[in-house]
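# Reading the structure
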Amino acid sequence: MSTLGVVPLSELHRNESVFTWAAPPLKFGIGALDEVGAEVAARQAKSCLILTDPGVRQTGIPDRVLDSIRAAGVKSEIFDAVGVEPTDVSINEAVAYARQQEWDCFVAIGGGSAMDTAKAVNLLTTHPGELLDFVTPPIGAGKAPWLPLKPLIAVPTTAGTGSESTTICVVDLLDLHLKAGVSHPRLRPSLAVVDPRTTVTLPPAVTAASGMDVLSHALESYTCVAFDAKPAPEDPMRRPAFCGSNPISDVWCEMAMSLVGKHLRAAVLNGRDMQARTQMALASTYAGTGFGNAGTHLPHANAYPIAGAVKQYQAADYPEMPMVPHGQAVSATAAEVFRWTYPASPERHLRAATLLSGGQTFTATDGADALPGVLTELMADIQMPRGLHAFGYDESDIDTLVDGTLKQTRQLSVVPRPVDRTALENIFRRSL
């Protein structure tokens, strides 16, 4: 009997056949903030360190939580020197503060900066070593945590980062002019407490940037390589944090795209619109649970050098310092990335454009321009910076940006098309 054309069983198992999916327990809704003290006490903690930044401290939210924790009989303090965009320097300062005494629990209050800093503090107060020991290769050594971490309760005050749901800590390495990440399941918060009231004071530009981060999470996770199109890991207990698009993440990402399309403009234009704020908080939660498993790809990989190599750009509604806010950085090349990734999954790109548009139906006739067109229109409506030129970049910076992107191995592992220097150069050039 001829076996011509029969695929050996060993060949069939070269691709992954299992995906992983996890998310922290969640408390969502108006009033959830006031239950943080009870949650800390329920973990039998005798002491709790709150981590936040100066701007969030001024809102009164961290002190409200401090009172709640102390009322529950738990010793607590606030560290309010978290960097607005966390750097290795600001994280080391937070770690040095936390190491002065033993803490049974951590509470992060703020945007991704506070939550990522708290993850790093939790890691480096329970493990010997330095931050770079745990940063993803080739930038760091990529060590995996081997000891238990303390309970971490994450309280987001922006509808954007999704860090309350993820295993990822992102840091700006100042000497390298590059952003990089630490990623491991043990970094995922023990509980996410999402209260839409905490986002009401966000100014328009911050709301817009945070919303674009939500959208980028959902779009990238939805269009990244499918989990079963990736190589199977040699060790099934060491699957990467980003497993690729999968049936569960897809559901959350689709809902997030729909909510962003319907409510982001209203949240930017009228920050006290509680319906819009609540729906954007839901969108952020949905997208966080999606991308925290499937993964983000090229817009995020590009964003790290865009933010890390910034020279003089100062963003409206942010502290006066050279900085490209994360939501602006991820959206800067998104339209051109999705134009380039379209051939990998046309139906997903068209479906994403349909969901984001709020009702318009896109077909193959619209092709690769559909999703970039919807994105560009949304960004114009919420007054996002247009093009890399807005951040001070020009043709002479393309090599630096490409070099930085090529080091982002975590994101590059789930890009849906083979990516090389030429492709990246074209994407950055078209995004200027």
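These notes cover the structure that comes with them. Please read these numbers as outputs of a predicted model, since none were measured by experiment.

Scanning the chain from N- to C-terminus turns up 17 helices and 8 strands. Expressed along its principal axes, the backbone C-alpha trace of the chain runs to roughly 75 × 55 × 40 Å. Long-range contacts, defined as pairs at least 24 residues apart, comprise 78% of the intrachain contacts of the chain with a sequence gap of at least 6. Of the charged side chains in the chain, 34 are positive and 45 negative, and the gap between their average positions amounts to 4 Å.

We now examine helix α17 (residues 421-430). Taken as a whole, α17 has its buried residues at Ala423, Leu424, Glu425, Ile427 and Phe428. If you follow the buried residues of α17, they end up packed against α10 (298-308), α12 (334-341) and α15 (398-406).

Time to look at helix α13 (residues 346-357). Between its first and last C-alpha, α13 extends 17 Å over 12 residues, near the 16 Å set by a 1.5 Å rise per residue. Burial in α13 covers these residues: His349, Leu350, Ala352, Ala353, Thr354, Leu355 and Leu356. Buried residues along α13 sit against α7 (204-223), α8 (247-269), α12 and α14 (370-381). Phi for glycine 358, located one or two positions after α13, is positive at around 80°.

This part takes up the environment of isoleucine 91. Within the fold, isoleucine 91 resides in helix α5 (residues 88-98). Distance from isoleucine 91 to valine 135, taken between C-alpha atoms, is 13 Å for residues 44 residues apart in sequence.

Working definition: the strands of a sheet are paired by backbone hydrogen bonds and lie parallel or antiparallel to each other. With parallel pairing, the 6 strands of this open sheet are ordered in space as β1-β8-β5-β4-β2-β3. Strands with a single pairing partner mark the edges of an open sheet, and in this sheet they are β1 (26-28) and β3 (75-79). Pairwise comparison of adjacent strand axes, ignoring direction, gives a mean angle of 15° for this sheet. Inspection of the sheet shows strand β5 (residues 152-156) paired to strand β8 (residues 191-194) by 2 bridges, in the parallel sense. Residue pairing for β8: alanine 154 is matched across the bridge by alanine 192. Across the sheet, helix α6 (residues 112-126) touches β2 (47-51), β4 (105-110) and β5, and the angle it forms with β4 is around 160°. Taken strand by strand, helix α9 (residues 274-294) contacts β1 and β8, and its axis lies near 165° from that of β1.

Moving on: the pairing of β5. With respect to burial, β5 is a largely interior element, 5 of its 5 residues being buried. Residues Leu152, Ala154 and Pro156 point to one face of β5 and Ile153 and Val155 to the other, with burial holding for every one of them. Relative to β5, β4 runs parallel, the two sharing 5 bridges. The partner of phenylalanine 106 across the bridge, within β5, is leucine 152. Taking the sense of rotation as the criterion, the β-α-β connection linking β4, α6 and β5 turns out right-handed.

What follows concerns the packing of α15 against α17. In the contact formed by α15 and α17, the axes pass within 10 Å of each other and the chain directions differ by 125°. When the interaxial angle is binned, α15 and α17 end up oblique. As α15 packs across α17, the resulting crossing turns out to be right-handed. Of the residues in α17, those in contact with Ile398, Asp399, Leu401, Val402, Asp403, Thr405 and Leu406 of α15 are Arg421, Leu424, Glu425, Phe428 and Arg429. Across the contact of α15 with α17, the residue classes break down as 6 nonpolar, 1 polar and 5 charged.

Scanning the entire structure with this criterion turns up 5 aromatic pairs. With a centroid separation of 5.0 Å and 45° between ring planes, the pair formed by phenylalanine 79 and tyrosine 97 is classed as tilted. Placement of phenylalanine 79 in strand β3 and of tyrosine 97 in helix α5 is noted, with a sequence separation of 18 residues between them. Taking the relative accessible area as the measure of exposure, phenylalanine 79 reaches 9% and is therefore buried. By relative accessible area, which is 24% here, tyrosine 97 ends up partly exposed. A centroid spacing of 5.3 Å and a plane angle of 45° characterise the contact between tryptophan 252 and tyrosine 286, whose relative ring orientation is tilted. Taken as a pair, tryptophan 252 in helix α8 and tyrosine 286 in helix α9 lie far apart in primary sequence, 34 residues in all. The residue whose ring lies beneath arginine 348 is tyrosine 222, and the NZ or CZ to ring-centre distance is 4.7 Å.

With that out of the way, let us pick up the state of the cysteines. Formally, a disulfide is one covalent bond, and it connects the sulfur atom of one cysteine to the sulfur atom of another. All told, the structure shown has 0 disulfides when counted by the stated rule. Cysteine 169 forms no disulfide, and the closest cysteine sulfur to it belongs to cysteine 105, at a distance of 18 Å. A relative accessible area of 1% means that cysteine 169 is categorised as buried. Here cysteine 243 is not disulfide-linked; the sulfur of cysteine 224 is the nearest cysteine sulfur, at 7.7 Å. Assessed through its relative accessible area of 8%, cysteine 243 is described here as buried.

What counts as what
- Residues numbered from 1 in each chain as written.
- Predicted model: local features only at pLDDT ≥ 70, side-chain atom pairs only at ≥ 80, totals over all residues.
- Heavy atoms only, no water.
- Helix = DSSP H or I, 4+ residues; strand = E, 2+ residues; numbered from the N terminus.
- Contact = heavy atoms within 4.5 Å.
- Lys, Arg positive; Asp, Glu negative; His and termini not counted.
- Charge placed at Lys NZ, Arg CZ, Asp CG, Glu CD.
- Buried < 20%, exposed > 50% of the residue type's maximum accessible area, 1.4 Å probe, protein only.
- Expected span 1.5 Å × (residues − 1).
- Pairing = 2+ DSSP bridges.
- Axes fitted to C-alpha atoms, helices over the stretch in contact; angles between N-to-C directions.
- Right-handed = clockwise from strand over helix to strand, strands pointing away.
- Parallel < 35°, antiparallel > 145°, perpendicular 65-115°, else oblique.
- Left-handed = near helix turned anticlockwise from the far one by under 90°.
- Nonpolar A, V, L, I, M, F, W, Y, C, P; charged D, E, K, R; others polar.
- Phe/Tyr/Trp six-rings, centres within 6.5 Å; stacked < 30°, edge-to-face > 60°.
- Lys NZ or Arg CZ within 6 Å of the ring centre and 35° of its normal.
- Disulfide = S-S within 2.5 Å.

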